[in-house]
Structure formats: structure tokens, C-alpha cells
Amino acid sequence: MTHSQRPASSCTTAVTIEDFRRNLAAVRARIAAAADRVGRDASEIRLLPVSKTVPEDRIRTACAAGITQMGENKVQEAKRKAAALADLDIRWSVIGHLQTNKAKDVVAFADEFQALDSLRVAEALDRRLQPTGRGLDVFVQVNSSGEASKFGVEPDGVMGILRRLPSYSCLRVVGLMTLAARTDDEARIRECFRIMRSLREAALQEDLLSDGQLSMGMSGDFELAIEGGSTCVRVGQAIFGARSTPDSAYWPERSSR
Ligand SMILES: *Cc1c(COP(=O)(O)O)cnc(C)c1O
């Protein structure tokens, strides 16, 4: 084994600025080592800290330790935190499924939306953005695992959606996002990342992505994701500590292993 995957449940809660500095340094070292194994430059891999369920006071401490961007899965939670932490100049990324009636909230505070999974949502976002004259970076979420999840476009539907997104002129389609299979079977996880790379290649060939970003990899699998070509890892528990909220609260259709 050239790398070690650590169960996220073993992450202790980061409270002090030193805790955050230590966790961030450890995650960055693991990112650098994974990049090194496949001859990639670690500077091309973005670390997006995921602060869902983390209270605002601990997010403040994390920011004092140097974090400037934050991912949140649920719009209401993200909106509340963005308002409470408005003085901190955080770049907010919404990384969870969106209902069309919450599009206006995303437009109000988010800099990026990583979970675009339908043209209806694209239309709703664009309609809210048009009067503001602002754009929004979006990733199309792909269901690369074949798991029964209601979120993410099936791989064979991705090109169809990408071909229609240029009509929404406020959306800047920068890449693709996925959650890999929830399993300890490395081969299955790597297969998800391979599917994503081939979709990116197809999309770039047709000039459908303004940037070829791949958002993939979380606390449990970010090293494999980097080896598989990720340019953005979304890491929560390895930075903030283990979550007590079960993942089923965020991915309703997913079994918890
Ligand atoms: C929670 C979440 C993550 C981060 O998961 P961790 O196990 O905390 O690293 C990444 N992506 C999405 C979409 C999430 O909801």
C-alpha cells in the first residue's frame, strides 16, 4: 500500500487555532504526497474545507488558521452562516442538491455551486442571476458510482446537459463534481474517478467546460481522488473533526454503509 486511508470517524474535534493549523498541515501534506505519487503538482489541487454542522464560532477559529473558502451541503445552513460570518470575507461554495425554490438564496451569498444536476436548476439560477449581472461558477454533479442516489446526473446524460448549459449565460460551467462509491473497495472507488476523467475529456473536446476542473475526494478518499485526477478535494472531517450527524441527513437515498 502506498497510501493509507483513515476512517473519518477517528478525527478528533478541532477547537483551537493550533488544532486547525495541525489538521490543515496534515491534510496538505497528504495532498502533496498523493500528488507526488502520480507526478502531479500539488499547487493545482484546491482544498475546499467543508463546514457543514460546524458551529460559527469554530468556523471563525478555522478562518483565523488561514481558511478562506468554505463548502456547505445545505442552503439554509449555509445562508445562515454566511450572514453571521459576513465580516470574514469567506468564499462560500454550495456542494449539495438544490431545490429550484432555493435558487435565489444561492445567488444571494454563494460564489460557486457544485451540485448542478438538472436543467431546471440551471434555469432557476440563471433567471435569478440575470438581473444582478453577476455570474456563478457551477460544476455538474455526476452519479459516478451507480449507487441508488437521487442526486447527480447519470454518466450517459452528462454530455446532453452540458450541451444545453451554454444557453444560461450567467452560469460559468467550470467542471464536474462527484461523490465516489461508499465502499472500502479501492478498485470501485478508482473506477468512479476514471469515469469522471473520461467525461471531462469528452466535454473538453466539445469545448463545453470553461475549465476542466474535477471536484472529487472527501476525508475518506481524497488521496485516491488526487491520484485519479481531482483538482478540488472537499474535506470536512479531516479538518474539523468527526461529524455526529449521519451522512443520511445529507444524502437521503444513501445507506450508511
Ligand atoms: C460532507 C460533504 C463532503 C465532506 O465529507 P467529509 O467526510 O466531512 O470529508 C464532501 N462533499 C459533499 C458533497 C459533502 O456533503
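Please read all numbers here as calculations on a predicted model, not as lab measurements.

Q: Just checking my understanding: could you explain the packing of helix α1 (residues 17–37) against helix α2 (residues 56–64) for this structure?
A: The angle between the axes and the distance between the axes are what describe a pair of packed helices. With their axes 8 Å apart at the nearest point, α1 and α2 run at an angle of 60 degrees to one another. One element, α1, and the other, α2, form an angle in the oblique class. Remark: the crossing between α1 and α2 carries right-handed chirality. Between α1, through Ile17, Phe20 and Arg21, and α2, the contact on the second element is made entirely by Arg58, Thr61, Ala62 and Ala64.

Q: Could you clarify how one ought to interpret the nonpolar core in this entry?
A: Grouped burial of nonpolar side chains is what soluble globular proteins tend to show. By size, the foremost hydrophobic cluster in this structure holds 79 residues, and its most contacted members are Phe113, Leu125, Leu162 and Leu165. A total of 7 residues in this core trace back to one element, the largest contributor, which is helix α7 (residues 186–205).

Q: Looking at this structure, I do not really get the packing of aromatic side chains. What am I missing?
A: Any aromatic ring pair is given by two values, namely how distant the centres are and how the planes are angled relative to each other. Applying the stated criterion to the full structure yields 1 aromatic pair. Both rings, one in phenylalanine 20 and one in phenylalanine 240, keep their centres 5.5 Å apart while their planes meet at 70 degrees; by these two values the pair is edge-to-face. In this pair, phenylalanine 20 sits in helix α1 while phenylalanine 240 sits in helix α9 (residues 237–240), placing the two residues 220 residues apart along the sequence. Of the two residues examined, phenylalanine 20 and phenylalanine 240, each falls in the buried class.

Q: Help me understand the site of the ligand in this model?
A: Near the ligand there are 13 residues, and of these Lys52, Asn73, Ser219, Arg234 and Arg243 occur at the shortest range. Within the backbone of glycine 236, one N or O atom sits 2.9 Å away from an oxygen atom of the ligand. Between the ligand and glutamine 237 there is a distance of 2.8 Å, counted from an oxygen atom to a backbone nitrogen or oxygen. Against a free-state accessible area of 380 Å², the protein chains account for coverage of 98% of the ligand. Along the lines of polarity and charge, the residues of the shell around the ligand split into 6 nonpolar, 4 polar and 3 charged.

Q: What is the right way to read α1 from this model?
A: Because the α-helix completes a turn every 3.6 residues, residues three or four places apart line up on one side. Here α1 spans 30 Å end to end across 21 residues, near enough to the 30 Å set by a 1.5 Å rise per residue. Considering only its buried residues, α1 is in contact with β1 (46–49), α2, α8 (222–227), β8 (232–235) and α9. Glycine 39 sits one or two residues past α1 and shows a positive phi near 70 degrees.

Q: I'm lost on the pattern of salt bridges in this one. Help?
A: Oppositely charged side chains may form a pair once their charged atoms are brought near each other. One pass over the full model with this rule turns up 19 salt bridges. Residue arginine 40 is joined to glutamate 44 by a salt bridge in which the shortest nitrogen-to-oxygen separation is 3.0 Å. You can call glutamate 44 partly exposed: its relative accessible area is 43%. Note that glutamate 56 is salt-bridged to arginine 80, the shortest N-O span being 3.6 Å. On the criterion of sequence distance, the pair formed by glutamate 56 in helix α2 and arginine 80 in helix α3 (residues 75–84) is long-range, its members being 24 residues apart. Via salt bridges that share partners, Arg46, Arg91, Glu112, Asp137 and Arg172 belong to a single interconnected network.

Q: Would you mind showing me how to read the packing of α2 against α3 here?
A: At a minimum axis separation of 11 Å, α2 and α3 run at an interaxial angle of 60 degrees. One finds that α2 runs oblique with respect to α3. In the crossing of α2 with α3, the sense of the turn from one axis to the other is right-handed. Across the interface between the two elements, Glu56, Ile59 and Arg60 from α2 touch Arg80, Lys81 and Ala84 from α3.

Q: Could you clarify how one ought to interpret unusual backbone geometry in this entry?
A: Note: most residues except glycine have negative phi, and most peptide bonds are trans. In this structure, threonine 53 takes a positive phi of about 70 degrees despite not being glycine. For threonine 53, the position within the fold is in the loop between β1 and α2. Not every positive phi belongs to a glycine, and aspartate 207 is a case in point at roughly 60 degrees. Position of aspartate 207 relative to the elements: it lies in the loop between α7 and β7 (213–215). Residue classification places aspartate 207 among the exposed residues on the basis of a relative accessible area of 66%.

Q: Is there a simple way to think about the pairing of strand β5 (residues 136–142) in this case?
A: Each regular strand displays side chains that alternate between the two surfaces of the sheet. Most of β5 sits out of view: 7 of its 7 residues are buried. Here β5 shows two buried faces, one formed by Leu136, Val138, Val140 and Val142 and the other by Asp137, Phe139 and Gln141. Direction of pairing for strand β4 (residues 112–116) relative to β5: parallel, over a ladder of 3 bridges. Each residue of the ladder has a partner; that of leucine 116, found in β5, is valine 140. Handedness of the β-α-β unit built from β4, helix α5 (residues 119–129) and β5 comes out right-handed.

Criteria and thresholds
Residues numbered from 1 in each chain as written. Predicted model: local features only at pLDDT ≥ 70, side-chain atom pairs only at ≥ 80, totals over all residues. Heavy atoms only, no water. Axes fitted to C-alpha atoms, helices over the stretch in contact; angles between N-to-C directions. Helix = DSSP H or I, 4+ residues; strand = E, 2+ residues; numbered from the N terminus. Parallel < 35°, antiparallel > 145°, perpendicular 65-115°, else oblique. Left-handed = near helix turned anticlockwise from the far one by under 90°. Contact = heavy atoms within 4.5 Å. Core = buried A, V, L, I, M, F, W, Y, C linked by side-chain atoms within 4.5 Å. Buried < 20%, exposed > 50% of the residue type's maximum accessible area, 1.4 Å probe, protein only. Phe/Tyr/Trp six-rings, centres within 6.5 Å; stacked < 30°, edge-to-face > 60°. Near = heavy atom within 4 Å. Polar contact = N/O pair within 3.5 Å; in protein donor to acceptor, adjacent residues only side chain to side chain. Areas by Shrake-Rupley, 256 points an atom, 1.4 Å probe, with all protein chains shown as cover. Nonpolar A, V, L, I, M, F, W, Y, C, P; charged D, E, K, R; others polar. Expected span 1.5 Å × (residues − 1). Salt bridge = Lys/Arg side-chain N within 4 Å of Asp/Glu carboxyl O. Pairing = 2+ DSSP bridges. Right-handed = clockwise from strand over helix to strand, strands pointing away.

In short, the description is geometric, and any link to function would need to be established separately.
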